[in-house]
Amino acid sequence: MSETAKLILDGQTYELPIVEGTEKEKAIDISKLRATTGYITLDSGYKNTGATVSKITFLDGEKGILHYRGYPIEQLAEKASFLEVAYLLIYGDLPNKEQMEFFENSITHHTLVHEDLRRIFEAFPTGAHPMGVLSAMLASLSTYYPEAQNPNRSVEAIDLTMHRLIAKIPTLAAQAYKSSLGQPTIYPQNSLGYTENFLNMMFAMPTYEYEVDPVVADAMNKLLILHADHEQNCSTSTVRIVGSSQANLYSSISAGVAALWGPLHGGANQAVIEMLEMIKADGGNIDRWIERAKDKNDSFRLMGFGHRVYKNFDPRAKIIKKSCDDVLNKLGISDPVLEIAKKLEEHALKDPYFVDRQLYPNVDFYSGIIYRAIGIPTEMFTVMFAIGRLPGWIAQWKEMIERGEPIGRPRQIYNGPVNREYKPLDQR
Ligand code: SDX
């Protein structure tokens, strides 16, 4: 492999360093390009641009590979707990028994949120989308813990903020759901595990106990692990760039939730179910919708299909698809939209339009079907994605801070009007 890339500009040859990662990915380091050549690069949507060097997650889009800190996603989804994976992403290794006990205990004892936050919940209109509520509540947390704004905070203070966020996001999410229904808040229980606690806060009532079905808890644990990190995706890049200004972690995560909400990103899991329901209401006519997705003049896209990086099957979609049948069978549910999803996938994967563009089902294509089966309402699907992605966002923010990366500030090429003279109003 060559050590440098040669660039010939205006008759001059420049040598740019080559960077190679531990999984043999290669990059041309252009960090000194403008200073040496006066040129910048242009790359709309950063499709060819690496923002950083990271030790957290590795994706191979061509081979459909996803590793967290070197562990294959298939092993972690099958064998680990979500909090184990959260620890792995944030601290770099799987925890030993003592580390796991400390981490779990810290999370368990920070699940409550300040009672004053209830007044903010009450201010939202009925039917407020829970992603808007969650983003606002996470940013509000920064006002209750102003010490998190201190850029020179200690390692212990950073740990406390990270643990507070992981502990409180299920509480805030469940409270957003309960207040949208006008139902009383159910408080976290220290006797329950992470996913069980969330399910209890979502579905228990003061008037009756909620029995957590182990099948449901296991499915949720797996879904949270599958969503936990995905290298420099849109919302993670948002968290990194907001955090690079030394804004506090609560506000950086709040910005990540806002970015995830978009239907092209994490909001796709809600959009997939709405699309499948639309196709079902239309009599299940798959072909008509596939033709619409291919029509450039039609804004309809096959939600849950395609990916910026995966040009093969999204490994998470494979695992979730398998779990779909498993969870629905165990719960004795037959969901007609699952059959529509499978037919849609089958038709699309034979259609040259999708094959030529390497468009496969992504993580969002099947996840909504499982969320629905375990009783999560559609508008909460992207909130589930945010709960899962939180440890990844935190790990990426922590890596950026520890590496002392500079404030993110891309350049541009200006192509607007030049040399204009101001004219008074009566002369225009
Ligand atoms: C997530 O980045 C991550 O890692 C994200 C994520 C994570 O874990 O963080 O994996 C989570 O966001 C998954 C993606 C969820 N979004 C959707 O399912 C929405 C539907 N998908 C598309 O909008 C699209 O595929 C994107 C946004 C996911 C990717 O878009 P790109 O990389 O910018 O690709 P593109 O839009 O340039 O598409 C290339 C071609 C285009 O056609 P041509 O102009 O070449 O003729 O493929 C077409 C697109 O029109 N295309 C689709 C399509 N997706 C792409 N056509 C129909 N239906 C689709 N779903």
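Basis of the calculations
- The written sequence of each chain sets the order in which its residues are numbered from 1.
- Residues qualify for local features only when their pLDDT is at least 70, as the model is predicted, and side-chain atom pairs are given and counted only at 80 or more; totals for whole chains, interfaces and linings, by contrast, use all residues.
- Calculated side-chain values reflect all of the structure's heavy atoms, with hydrogen atoms and water omitted.
- Whether a residue is near a molecule or strand depends on its heavy atoms: if one lies within 4 Å, it is near.
- Polar contacts, as counted here, are pairs of nitrogen or oxygen atoms within 3.5 Å of one another; within protein the pair requires one atom able to donate a hydrogen and one able to accept it, and residues that are adjacent in sequence qualify only if both atoms are side-chain atoms.
- Each residue gets one of three labels, nonpolar for Ala, Val, Leu, Ile, Met, Phe, Trp, Tyr, Cys and Pro, charged for Asp, Glu, Lys and Arg, and polar for the others, Gly among them.
- Domain start and stop positions are those given by an automatic or database domain assignment.
- Lining residues are those with an atom within 4 Å of a point, where the points come from a 1 Å grid over the protein atoms alone and group into cavities, where a 1.4 Å probe fits but cannot get out, or pockets, open sets with protein on both sides within 12 Å along at least five of seven lines.
- Grid points are joined across faces, edges and corners, and a volume is the space filled by probe spheres set on the points.
- Secondary structure elements follow DSSP: runs of H or I no shorter than four residues count as helices, runs of E no shorter than two count as strands, and numbering proceeds from the N terminus.
- Expected span of a helix: the number of residues minus one, times 1.5 Å.
- Relative accessibility decides the category of a residue: with a 1.4 Å probe and only protein chains considered, values under 20% of the type maximum give buried, values over 50% give exposed, and everything between is partly exposed.
- In this description, one arc is meant: the one made by directions from the helix axis to the C-beta atoms.
- Nonpolar cores were defined as sets of buried Ala, Val, Leu, Ile, Met, Phe, Trp, Tyr and Cys residues, with membership established by side-chain atoms within 4.5 Å.
- We call two residues contacting when some pair of their heavy atoms lies within 4.5 Å.
- Think of it this way: DSSP has to see at least two bridges between two strands before they count as a pair.
- We define a salt bridge as a side-chain nitrogen of Lys or Arg found within 4 Å of a carboxyl oxygen belonging to Asp or Glu.
- In this description, a line fitted to the C-alpha atoms serves as the axis of each element, helices being fitted only across the stretch in contact, and the angle between N-to-C directions of two axes falls anywhere from 0 to 180 degrees.
- An angle counts as roughly parallel when it lies under 35 degrees, as roughly antiparallel when it exceeds 145, as roughly perpendicular when it falls between 65 and 115, and as oblique in every other case.
- Crossings are sorted by hand: turned counterclockwise from the far helix by less than a right angle, the near helix makes the crossing left-handed, and turned clockwise it makes it right-handed.

Section: the site of the ligand
Close to the ligand lie 25 residues, the nearest being His230, Gly304, His307, Arg316 and Arg389. In this structure, an oxygen atom belonging to the ligand sits 2.6 Å away from a side-chain N or O atom of His230. Looking at the shell around the ligand, its residues break down into ten nonpolar, seven polar and eight charged. Residue contributions to the shell around the ligand reach at least three from each of two domains, namely domain 2 (67–262 + 381–403) and domain 3 (268–373).

What about the layout of surface pockets?
The volume enclosed by the second largest pocket comes to roughly 320 Å³. Forming the boundary of the second largest pocket are 21 residues, of which Leu83, Gly193, Tyr194, Thr195 and Glu196 lie nearest the centre. It is helix 8 (residues 194–203) that contributes the most residues to the lining of the second largest pocket, five residues altogether. Taken together, the residues of the lining of the second largest pocket break down into eleven nonpolar, seven polar and three charged.

A few points about empty space enclosed by the protein
Taken as a whole and judged by the stated rule, the model has five cavities of 30 Å³ or more. Of the volumes computed, that of the largest cavity is approximately 70 Å³. For the largest cavity, the full set of lining residues is Val215, Asp218, Ala219, Lys222, Ser323, Asp326, Val327 and Lys330. If you list the elements that add at least two residues to the lining of the largest cavity, you get helix 9 (214–226) and helix 14 (315–331). A class-by-class count of the residues in the lining of the largest cavity yields three nonpolar, one polar and four charged. Each pocket or cavity is described by its volume, and for the second largest cavity that value is around 60 Å³.

Concerning helix 15 (residues 336–348)
Taking 1.5 Å as the rise per residue, helix 15 with 13 residues should run 18 Å; its terminal C-alpha atoms sit 18 Å apart, in good agreement. Buried within helix 15 are the following residues: Val337, Leu338, Ile340, Ala341, Leu344, Glu345 and Ala348. Summarising the axial view, the buried residues of helix 15 lie within an arc of 160°, below the 170-degree limit, and thus occupy one face. For helix 15, the capping residue at the N-terminal end is Asp335, with a side-chain oxygen 3.0 Å from the backbone nitrogen of Val337.

Thoughts on the domain arrangement of the chain
When its domains are assigned, the chain resolves into domain 1 (4–50), domain 2 (67–262 + 381–403) and domain 3 (268–373). For domain 1 versus domain 2, the separation of C-alpha centres amounts to 37 Å.

Concerning the nonpolar core
Counting residues in each nonpolar core, the largest one holds 114 residues, and the members touching the most others are Tyr68, Phe198, Leu276, Ile369 and Ile376. Residue assignment places this core across two domains, with domain 2 (67–262 + 381–403) and domain 3 (268–373) each supplying three or more. The contacts of Ile369, once residues within four sequence positions are left out, are Ile273, Leu276, Cys324, Leu328, Asp335, Val337, Leu338 and Ala341.

Description of the pairing of strand 2 (residues 12–20)
When strand 1 (residues 4–9) meets strand 2, the two strands line up antiparallel, connected through six bridges. Looking across to strand 2, one finds that Ile8 is bridged to Thr13. Connecting strand 1 to the antiparallel partner strand 2 that follows it, the hairpin turn spans two residues, and Asp10 within it adopts a positive phi of roughly 50°. Two strands pair when backbone bridges link them, and strand 2 and strand 3 (residues 26–28) are joined in this way by three bridges, in the antiparallel orientation.

Here we look at the pattern of salt bridges
Within the structure shown, the criterion is met by 24 salt bridges. Lys6 is the salt-bridge partner of Glu15, the closest N and O atoms lying 3.4 Å from each other. Given a relative accessible area of 48%, Glu15 falls into the partly exposed group. You can call Lys6 exposed: its relative accessible area is 60%. Among the salt bridges present, the one from Glu291 reaches Lys294, with a minimum N-O distance of 3.1 Å. In this pair, Glu291 and Lys294 are both assigned in helix 13 (residues 286–294), three residues apart and thus about one turn of the helix distant. A relative accessible area of 21% places Lys294 in the partly exposed class. Ionic contacts of the salt-bridge type, sharing partners, join the residues Arg240, Glu399, Arg403 and Glu405 into one network.

What about the sheet that holds strand 5 (residues 65–68)?
If you walk across this open sheet you meet the three strands as 4-5-6, and the pairing is antiparallel. Two strands in the sheet have a free side with no partner beyond their single neighbour: strand 4 (57–60) and strand 6 (71–72). Direction of pairing for strand 5 relative to strand 6: antiparallel, over a ladder of two bridges. In the sheet register, His67 faces strand 6, and the bridge partner there is Pro72.

Some remarks on the packing of helix 14 against helix 17 (residues 363–373)
With their axes 8 Å apart at the nearest point, helix 14 and helix 17 run at an angle of 20° to one another. Here helix 14 is positioned roughly parallel relative to helix 17, judged by the angle of their axes. Both helix 14 and helix 17 take part in a crossing whose hand is left-handed. Taken together, the residues of helix 17 that come into contact with helix 14 (itself represented by Arg316, Ala317, Ile320, Lys321, Ser323, Cys324, Val327, Leu328 and Leu331) are Val363, Tyr366, Ser367, Ile369, Ile370 and Ala373. Across the contact of helix 14 with helix 17, the residue classes break down as eleven nonpolar, two polar and two charged.

A closer look at the pairing of strand 4
Neither face of strand 4 is exposed, since Thr57 and Leu59 on one face and Phe58 and Asp60 on the opposite face are all buried. Looking at chain direction, strand 4 and strand 5 are connected through four bridges and run antiparallel. Bridging from a neighbouring strand, Asp60 pairs with Ile65 of strand 5. Between strand 4 and the antiparallel strand that follows it, strand 5, lie four residues; Gly64 among them carries a positive phi value of about 65°.

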